[in-house]
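# Understanding the architecture of this molecule
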Amino acid sequence: MSRIIRPYGDTTGDGMVQLSFTLPVPHDKRAEGAALQLAAKMGLDGAMLVHAKPIGDGYTFFVVYGASTHLVNLDEVKVVEKDYPHLSPKEVNDAIREKLGRKLCVVGACIGTDAHTVGIDAILNIKGVAGEKGLEYYRELRVVNLGAQVAVPDLVNRAVDEEADAVLVSQVVTQKDAHLHNTREMAAAFREALPPGKRPLLVVGGPRFDEGAATELGVDRIFTRGTTPSDVASYLVHRLVTMKESV
Amino acid sequence: MSRIIRPYGDTTGDGMVQLSFTLPVPHDKRAEGAALQLAAKMGLDGAMLVHAKPIGDGYTFFVVYGASTHLVNLDEVKVVEKDYPHLSPKEVNDAIREKLGRKLCVVGACIGTDAHTVGIDAILNIKGVAGEKGLEYYRELRVVNLGAQVAVPDLVNRAVDEEADAVLVSQVVTQKDAHLHNTREMAAAFREALPPGKRPLLVVGGPRFDEGAATELGVDRIFTRGTTPSDVASYLVHRLVTMKESV
Amino acid sequence: MTAELPLDPAVVAEARRLAAKAAQPVVDIARSHTTVSVERATLRLAGLTGADPDGIPWVNRLADAVQEQVGIEHGIALPVFHALKDFPDLERLAHAAAAGGVRFALPTGGDKQTARARAQAAVLHGFDRIDQSRSRRDALVAEIGDPPQRPWIYLIVATGDIYEDIPQAQAAAKAGADVIAVIRSTGQSLLDYVPEGATREGFAGTYATGENFRLMRAALDETSREVGRYIRLTNYASGLCMPEIAALAGMHRLDMMLNDSMYGILFRDINPIRTFVDQRFSRQVHARAGIIINTGEDNYLTTADAVDAAHTVTVSQLLNERFAHEAGLPDPLLGLGHAFEINPEVPESFRLELAHALLARQLFPDAPLKWMPPTKHMTGDVFRGNLLDGFFNLAGVMTGQSILLVGMMTEAVVTPWLSDRDIALQNVRYVLSACAGLAEDFYPPKDGFIANRANQVLGEAVDLLGRIVDDGLLNAIADGTFGIMKRPADGGRGLDGVAKRAEDYWNPAAAILDGDHA
Amino acid sequence: MTAELPLDPAVVAEARRLAAKAAQPVVDIARSHTTVSVERATLRLAGLTGADPDGIPWVNRLADAVQEQVGIEHGIALPVFHALKDFPDLERLAHAAAAGGVRFALPTGGDKQTARARAQAAVLHGFDRIDQSRSRRDALVAEIGDPPQRPWIYLIVATGDIYEDIPQAQAAAKAGADVIAVIRSTGQSLLDYVPEGATREGFAGTYATGENFRLMRAALDETSREVGRYIRLTNYASGLCMPEIAALAGMHRLDMMLNDSMYGILFRDINPIRTFVDQRFSRQVHARAGIIINTGEDNYLTTADAVDAAHTVTVSQLLNERFAHEAGLPDPLLGLGHAFEINPEVPESFRLELAHALLARQLFPDAPLKWMPPTKHMTGDVFRGNLLDGFFNLAGVMTGQSILLVGMMTEAVVTPWLSDRDIALQNVRYVLSACAGLAEDFYPPKDGFIANRANQVLGEAVDLLGRIVDDGLLNAIADGTFGIMKRPADGGRGLDGVAKRAEDYWNPAAAILDGDHA
Ligand code: B12
Ligand code: B12
Ligand SMILES: Cc1ncc(COP(=O)(O)O)c(C=O)c1O
Ligand SMILES: Cc1ncc(COP(=O)(O)O)c(C=O)c1O
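Cut-off values and rules
- Residues numbered from 1 in each chain as written.
- Chains lettered and ligands numbered in written order.
- Predicted model: local features only at pLDDT ≥ 70, side-chain atom pairs only at ≥ 80, totals over all residues.
- Heavy atoms only, no water.
- Helix = DSSP H or I, 4+ residues; strand = E, 2+ residues; numbered from the N terminus.
- Buried < 20%, exposed > 50% of the residue type's maximum accessible area, 1.4 Å probe, protein only.
- Contact = heavy atoms within 4.5 Å.
- Rg over C-alpha atoms; globule rule 2.2 N^0.38 Å.
- UniProt positions renumbered as here; feature names shortened; annotations may be inferred.
- Domains from an automatic or database assignment.
- Core = buried A, V, L, I, M, F, W, Y, C linked by side-chain atoms within 4.5 Å.
- Pairing = 2+ DSSP bridges.
- Axes fitted to C-alpha atoms, helices over the stretch in contact; angles between N-to-C directions.
- Near = heavy atom within 4 Å.
- Polar contact = N/O pair within 3.5 Å; in protein donor to acceptor, adjacent residues only side chain to side chain.
- Nonpolar A, V, L, I, M, F, W, Y, C, P; charged D, E, K, R; others polar.
- Buried area = accessible area lost by both parts, 1.4 Å probe.
- Salt bridge = Lys/Arg side-chain N within 4 Å of Asp/Glu carboxyl O.
- Disulfide = S-S within 2.5 Å.
- Donors = N, O, S within 2.8 Å, 3.2 Å for Na, K, Ca; no water.
- Areas by Shrake-Rupley, 256 points an atom, 1.4 Å probe, with all protein chains shown as cover.
- Phe/Tyr/Trp six-rings, centres within 6.5 Å; stacked < 30°, edge-to-face > 60°.
- Lys NZ or Arg CZ within 6 Å of the ring centre and 35° of its normal.

### Considering the overall build of chain C
- Looking only at helices and strands, chain C has 19 helices and 11 strands in total.
- Projected onto the principal axes, the alpha-carbon positions of chain C cover approximately 70 × 55 × 40 Å.
- Within chain C, the fraction of its 518 residues that count as buried is 67%.
- A sequence separation of at least 24 residues applies to 77% of the contacts in chain C between residues at least 6 apart.

Structure representation (structure tokens):
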């Protein structure tokens, strides 16, 4: 497979993409020209403006098709590699029991004003997701699920009280970057409250995070769409059992 | 109104756009990274990869949302201005009768293998389009509609025979740039067959042309989506009656 | 002109009987308790507005002071209006109380009579405003007209900034919306006060405030005339301040309010007792104001499965109906909710949706049912999303739904963009026009898939109601019966704001609403 | 299990009677004329393949030589097979003829008998291949199975390159297609020869050639086994070479062919007589091959209005049926076409579509109707496009259509992209699964909108057929009755390739097909 690729419409290398957007201008020829200018700036060659529709008086919605002139270099793609082995629930339990010798404590919550618990519940509750049981099902994990709209100070206090090994935080609302602000606030609060060695592993998740932004947000790991409980359990064992042991 | 604008999602200046495309790679994390790399190269900031779906074994379809960092400068938008007055059928007829003193002859066709006559018929046939009658309805126009799939040499011969003042060509099929090739071929044929002064006005139309490409394609004018017969009639009078007269 | 299901009237009657029985203990609790928000709502009806420099409303400062000194179990009206004798108005009293300069006490004898009369007069003034708003609405509807079609088209705006919301709402109305809902900022429902004034900062929604209500209603009055139909305005009475927001909505002529008997409990972890007490009062206010309530059964299906838990929707609708009737809301004000949330991968999913939607339609023939779009199974595939929304619209037309909340193709991505709304409205318009009379051709056979499914759901609902009657509704909620959320009666937020009414409890608003203010 | 319309059987019978009457003069013309393509098809059946270095097939070179010297009005079989006595095979004969080295003449007496026997044997060999293909299809279907559902899902590929088409077709089949149509390059229909060999260059389609047929059929046989259902292959018999392509399709086991009695006339400006003669022969070949024809009524609605001209579709279907029956095609091979092309802005447009679709369904209960998606009113608004396609799919399911040509959201933009097909199939899958049994609930009332509309269209069709019987079908076509295209009987391409059969006309293939080769 070539390492340099282009989008594919119906022929290899044609570069074709579809684009839609609204411009804050009334619909006229100039608006259409503006739409094509934007398409050109985005690197579309021979852009076809196939749909323009006025919305109210001052806006126009456009659909544009065209060939992207940009090349994608697969060698330059950065992905967060799954740098740990995938374990079954039994393997997780065995590893904790044998190597840690005590239950591993996980505290979970939706912080800030976020009340979307379905995602964190999918990871934590017995019911689980995608045919997998949640972390509560793992005998060697002790799960404390604080639910929705938990204030960051409450989360920190509870994590300290429970002597949490890991804190799992979900953020689904992303408007005005709420998920990023809340995550940064949470990371800062833990950093302030606890010295490095005592700090629980900080894990955040939600459908719109960029997995590569962990360091920037001050957390240890980010999980996104399609995460399953065993992904998380395997990671926890890797970081809190295997890696600690090998140090 | 500001002359520098950005796309509008739900807040002025947010720059939000929607994008979809297929990459010729199997669906995995690297593919998603590749999709985000493309979005970044197209100038999307904080791009969200919201949908990825494998198509067959070697392709993945993506939907991406994000903020375009590009600015649109309305002052730099180039549009083909309607540089002629819009005339009613009566005004067209009067102008031709009074200033030209003979009927103006228009020869129309779909050239090449294109058989999409609806567009050219909309302009030429009495029936017309969008509530307007077609050019056949104009008493001072003589319309010869050659129909579909006309070979360029046949078109040239007929235009010569009819002493056409204008040739109207429709091109709807754009696959492999058929419309551009055919238009160039047609323009070249007329240039070869006739000296500059004798050449009929060359007008092409179709839904996917770029109005600004007339010079490049060797024709006098391009009409696109939503053209009405009176647009064309007004232009013909402007170029073949008014402008000639004022020279 | 909607298809008819072969439901056994005896079973339907049994379902209602059980719902009434299940609701009764909770109604008894609601009648025998008060909450800080009920008391503050009374102050709002009495005309107290404004907030301290930190943005804490004077109603809170005043109520807090009374609560501290004499508690709320007697009702705060008497202590407040007794203390008012030394102040020109409630606001001045609140200032002083906030500064710690007022001693509150329960008046007795003649003082009590004076305070009582004063309180009653003040509160009646609030009810006058509500009554006037209601008449004004009636007059405007008579003058400008209702939407020409059913379902009414319900659109949300959610910018967070009232001054961005207004033009977007007006544009939406011009593009075809009949009802505008201003989505509330996440988090407001957990605030134990109602913010003041016009607001420009909210997350995924705009704060519900009296001033925001006023601004938006005024803007929509203007638009109503322009578009030739009265555009209704909706907001949320749910949360810790349900009674106060209901009062504000009544006075500012909102037309519909989201008001569910259990939403706050299940999805905001608000204490059940607090919720039921607040709910009763707020619904009484809505009844007075002629406001259509919108219940929240759709939400259960975002956490529970829409097929497995279909009967919990029916049960909740019956409970919501019962609580609403008890609070004085007639059927035409009962916007019971349900939703198109079945996994589209389920075979015959569309026919299952039709079965559920028809069941609701037939159980509540006079209620303006609110039909909610797919959300849970929407994904980032916006092309598919627009298609699902089209079938949602179709189910709404085929089953005679009354209010159609317009689904957005970007449901799984962002709060709606301007263009999303436009695309969604175009979708609704197409389906409503192309299929206008399709219900005329829709006759599910009496022993067919749809009829059987509807009867099955009804049967399961009756069974569940039976179990709830046996266990008690509060226990059922604690056990996760609704939306798989487990909420014990002593858990959740706001319990400290609840008090059992004392023997001598008196609240002029409650008295008027209960009709025993003679 | 499809809804029933209250059509008057007498009116239906009258419509069929008039269609037969209108068709008869044209059938008489077809029986009394031949064309260069009919004669070349005969050579193809006799086994002649290949092309000269310029790509002109040997069948053309040979037929041209005979036409020049003796004309085609006697049939070219006798001159050719008489001349063959001096050559080892038809190809060597064609080479020589092309070089001008053969003198052709009509043999007589014993020569005639010899030539006749030789010709018959050769052509029978071609029919054997067709018969074997048909048996092989039957065997494969029996072994691998038919699609589990109706409608069958029909998808197009159109890359222009057979080697790109093949993997795309296989991917489409794996993604759910039951029928693959390889769209033909624009322009091929006006070629008076069939290109040879595998081709890699076409505009918006791939050339129909024997070799391309073979390659694609082999690839789909492979895929059929993989997916566990026999994937059918479709191509186009329309155009100037209808008879030859029909022969190639029969021998290479295509399963369906686009073959309309008037499409070439109206939309390719091919001479009407040429078309009708070619059509009859090609349909006889299809009948022999067990190939389902797909007629092209959908096309009329791209130029005419789908409401105003609805009855012209019905008329054309009845004519196509008549011509097909006359050519020996039984109902199960009659893929009559119709389309979802009503302007979506028209009120009740969806119900009108249902009325039209049901009418076709009921008039032709045993025909595998082909249901075509919206094209004319598709725009660059691809979100709306996907929605319209969803309602098209729904109408297909509700009215029991047999073959569903999958609509693409990019219809107004590009020939389908890989992702367009994927999105479109997802749309079809959703509708077919979610609404699988919805037809069970669909009962248009006997005196309702749908029934009335269907009866109106049928009535208009009968009226029009009456006028056509009076004026003659050729005049009706000349007057723009169908698709608003005016095509006089003496206009259009290919008339010079038509000849009135001489008294002694003899064509072994025609004789076999007409069943009078005894
Ligand atoms: C269900 C739902 C609700 C329910 C929530 C019920 C509940 N108890 O959770 C209710 C109805 C209450 C609700 C309310 C609101 N919602 Co809501 N809701 C949704 C909906 C439909 C589905 C979300 C969901 O459950 N997904 C399924 C789960 C399993 O997926 P997930 O969260 O991505 O989780 C997976 C991974 O991301 C990961 N993961 C997630 N978290 C974590 C954490 C860790 C540690 C790990 C390891 C992994 C992990 O693992 C999970 C399993 O694979 C979405 C739309 C949609 N279709 O996506 C809108 C949506 C999320 N809601 C939205 C909004 C705006 C609201 C409201 C604010 C609207 C309002 N103003 O009234 C309110 C208020 C909520 C609040 N205060 O937060 C927006 C958010 C917009 C944005 N991008 O900012 C969305 C996108 C809808 C929209 N387009 O407007 N909502
Ligand atoms: C109708 C139609 C047909 C009809 C044509 C009937 C006829 N007599 O014209 C039939 C069914 C025959 C047909 C066949 C095919 N079609 Co076709 N067809 C369409 C369709 C549905 C509508 C086109 C149309 O009539 N538009 C309405 C007219 C009024 O609009 P218009 O042409 O843009 O014209 C306006 C302006 O552009 C302008 N204008 C146009 N021409 C001119 C000329 C002048 C001088 C001026 C001043 C103005 C002007 O004024 C007009 C009025 O405002 C489009 C899809 C779509 N929805 O757009 C596909 C489409 C154009 N067809 C397409 C294809 C590929 C074909 C086929 C090749 C498919 C096949 N292989 O079988 C065949 C072969 C046709 C051929 N050889 O050219 C493709 C083209 C893809 C591409 N971009 O290259 C399209 C886009 C469909 C698709 N997505 O695949 N088609
Ligand atoms: C009945 C009801 N109340 C309130 C809300 C909104 O909740 P909040 O304002 O608490 O976020 C919803 C959510 O859709 C609801 O259905
Ligand atoms: C019956 C019929 N034949 C042929 C075609 C295609 O025509 P051509 O191959 O001539 O472009 C169509 C177009 O859809 C058709 O409907």
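From this point, the narrative continues.
### Here we look at the overall build of chain A
- A tally of regular secondary structure across chain A gives 7 helices and 10 strands.
- Relative to a compact globule of 247 residues, whose C-alpha radius of gyration would be 18 Å, chain A shows 23 Å and is clearly more extended.
- Projecting the C-alpha coordinates of chain A onto the three principal axes gives extents of approximately 70 × 45 × 35 Å.
- In chain A, which comprises 247 residues, the share counted as buried stands at 56%.
- Looking at chain A alone, contacts between residues at least 24 apart form 65% of all its contacts between residues at least 6 apart.

### What about the UniProt feature "domain: D-Lysine 5,6-aminomutase alpha subunit" (unreviewed entry) in chain C?
- Those residues carrying the UniProt feature "domain: D-Lysine 5,6-aminomutase alpha subunit" (unreviewed entry) are residues 5–510 of chain C in this numbering.
- Helix makes up 53% of residues 5–510 of chain C and strand 8%, whereas the separation of the span's terminal C-alpha atoms amounts to 41 Å.

### Looking at the domain arrangement of chain A
- When cut into domains, chain A gives domain 1 (4–74) and domain 2 (89–246).
- Averaged C-alpha coordinates put domain 1 of chain A and domain 2 of chain A at centres separated by 40 Å.

### So, the nonpolar core
- Grouped together as the largest cluster of nonpolar side chains are 360 residues, with contacts concentrated most on C:Phe350, C:Phe391, D:Leu319, D:Phe350 and D:Phe391.
- Setting aside residues no more than four positions away along its own chain, D:Phe391 makes contact with C:Gly390, C:Phe391, C:Leu394, C:Tyr430, C:Val431, C:Cys435, D:Phe340 and D:Phe350.
- A:Val17, B:Leu19, B:Ala39 and B:Val72 belong to the second largest nonpolar core, which has 40 residues in total.

### Comments concerning the sheet that holds strand β3 (residues 44–55) of chain A
- The strand order β3(A)-β4(A)-β2(A)-β2(B)-β4(B)-β3(B) describes an open sheet built from 6 strands, whose pairing is antiparallel. Every interior strand has two partners, whereas the edge strands, β3 of chain A together with β3 (44–55) of chain B, have only one. With strand direction ignored, the average angle separating the axes of adjacent strands in the sheet is 15 degrees.
- Where strand β2 (residues 16–23) of chain A lies against strand β4 (residues 59–68) of chain A, 8 bridges are found, and the strand directions are antiparallel. In the sheet register, A:Val17 faces β4(A), and the bridge partner there is A:Gly66.
- Strands in contact with helix α1 (residues 29–41) of chain B are β4 of chain A together with β2 (16–23), β3 and β4 (59–68) of chain B; relative to β3(B), the strand with the most contacts, it is inclined by about 140 degrees.
- Contacts between helix α15 (residues 382–398) of chain D and the sheet are confined to β2 and β4 of chain A together with β2 of chain B, with β4(A) contributing the most and set at about 90 degrees to the helix.

### A look at the site of ligand 1
- Within the structure, ligand 1 sits among 45 residues, and A:His116, A:Thr174, C:Ile183, C:Glu411 and C:Val414 are positioned closest to it.
- In this structure, ligand 1 is bordered by residues of chains A and C.
- Between A:Ser170 and ligand 1, the recorded distance is 2.7 Å, taken from a side-chain N or O atom to a nitrogen atom.
- Between ligand 1 and A:Thr174, the relevant distance is 2.7 Å, taken from a nitrogen atom to a side-chain nitrogen or oxygen of the residue.
- Looking at the shell around ligand 1, the element that brings in the most residues is helix α3 (residues 118–124) of chain A, giving 4 residues.
- Here the shell around ligand 1 is built from residues that sort into 20 nonpolar, 20 polar and 5 charged.

### Things to note about the side chain of C:His338
Residue and element names in this part refer to chain C.
- With respect to the secondary-structure elements, His338 resides in strand β8 (residues 337–339).
- Of note is the side chain of His338, whose polar atom sits 2.7 Å from the side chain of Gln401.
- Setting aside residues up to four positions removed in sequence, His338 forms contacts with Val313, Gln317, His356, Ala357, Ala360, Leu369, Lys370, Trp371, Met372 and Gln401.

### Thoughts on the interface of chain B and chain D
- Contacts between chain B and chain D engage 18 residues on the former and 26 residues on the latter.
- Contact between chain B and chain D buries roughly 1700 Å² in total, counting both sides, with carbon and sulfur atoms accounting for 52%.
- The interface formed by chain B and chain D holds 1 salt bridge in total.
- Its salt-bridge partner being D:Asp422, residue B:Lys53 comes within 2.6 Å of it at the nearest N-O pair.

### Thoughts on the sheet that holds strand β10 (residues 403–405) of chain C
Residue and element names in this part refer to chain C.
- Strand order across the open sheet formed by 9 strands is β7-β6-β5-β4-β3-β2-β10-β9-β8, with parallel pairing between neighbours. Every interior strand has two partners, whereas the edge strands, β7 (334–335) and β8, have only one.
- Where strand β9 (residues 370–372) lies against β10, 2 bridges are found, and the strand directions are parallel. Across the sheet, the residue bridging to Lys370 is Ile403, located in β10.
- On top of the sheet, helix α13 (residues 310–326) reaches β6 (292–294), β7 and β8; it is set at about 165 degrees to β8, its chief contact.

### Some details on the state of the cysteines
All names here are of chain A.
- Summed over all chains, the structure comprises 0 disulfides over all chains.
- Cys110 forms no disulfide, and the closest cysteine sulfur to it belongs to Cys105, at a distance of 17 Å.
- Take Cys110: its relative accessible area is 0%, and that puts it in the buried class.

### So, the coordination of the cobalt atom of ligand 2
- When only protein atoms are considered, the cobalt atom of ligand 2 has one donor, B:His116 (NE2), at a distance of 2.1 Å.
- Within the element layout of this structure, B:His116 appears in the loop between β6 (104–110) and α3 (118–124).

### A short note on the site of ligand 3
All names here are of chain C.
- For ligand 3, the full set of nearby residues is Arg184, Ser189, Tyr236, Ser238, Leu258, Asp260, Tyr263, Arg268, Gly296 and Asn299.
- At 2.7 Å, a side-chain N or O of Arg268 approaches an oxygen atom of ligand 3.
- In isolation ligand 3 exposes 390 Å². Once the protein is present, 88% of that is buried.
- For the shell around ligand 3, the per-class residue count stands at 3 nonpolar, 4 polar and 3 charged.

### Topic: the packing of aromatic side chains
- The final tally for this structure, using the stated rule, is 36 aromatic pairs over all chains.
- When the ring of A:Phe21 is compared with that of A:Phe62, the centres are 5.7 Å apart and the planes differ by 40 degrees; the resulting orientation is tilted. One end of the pair, A:Phe21, is in strand β2; the other, A:Phe62, is in strand β4, with 41 residues separating them in the sequence. Take A:Phe21 and A:Phe62: they sit in the same class, and that class is buried.
- Grouped by ring-pair contacts, the aromatic residues C:Phe340, C:Phe350, C:Trp371, C:Phe391, C:Phe392, C:Tyr430, D:Phe340, D:Phe350, D:Trp371, D:Phe391, D:Phe392 and D:Tyr430 constitute a single cluster.
- Above the face of the A:Phe223 ring, A:Arg221 is positioned so that its terminal group lies 6.0 Å from the ring centre.

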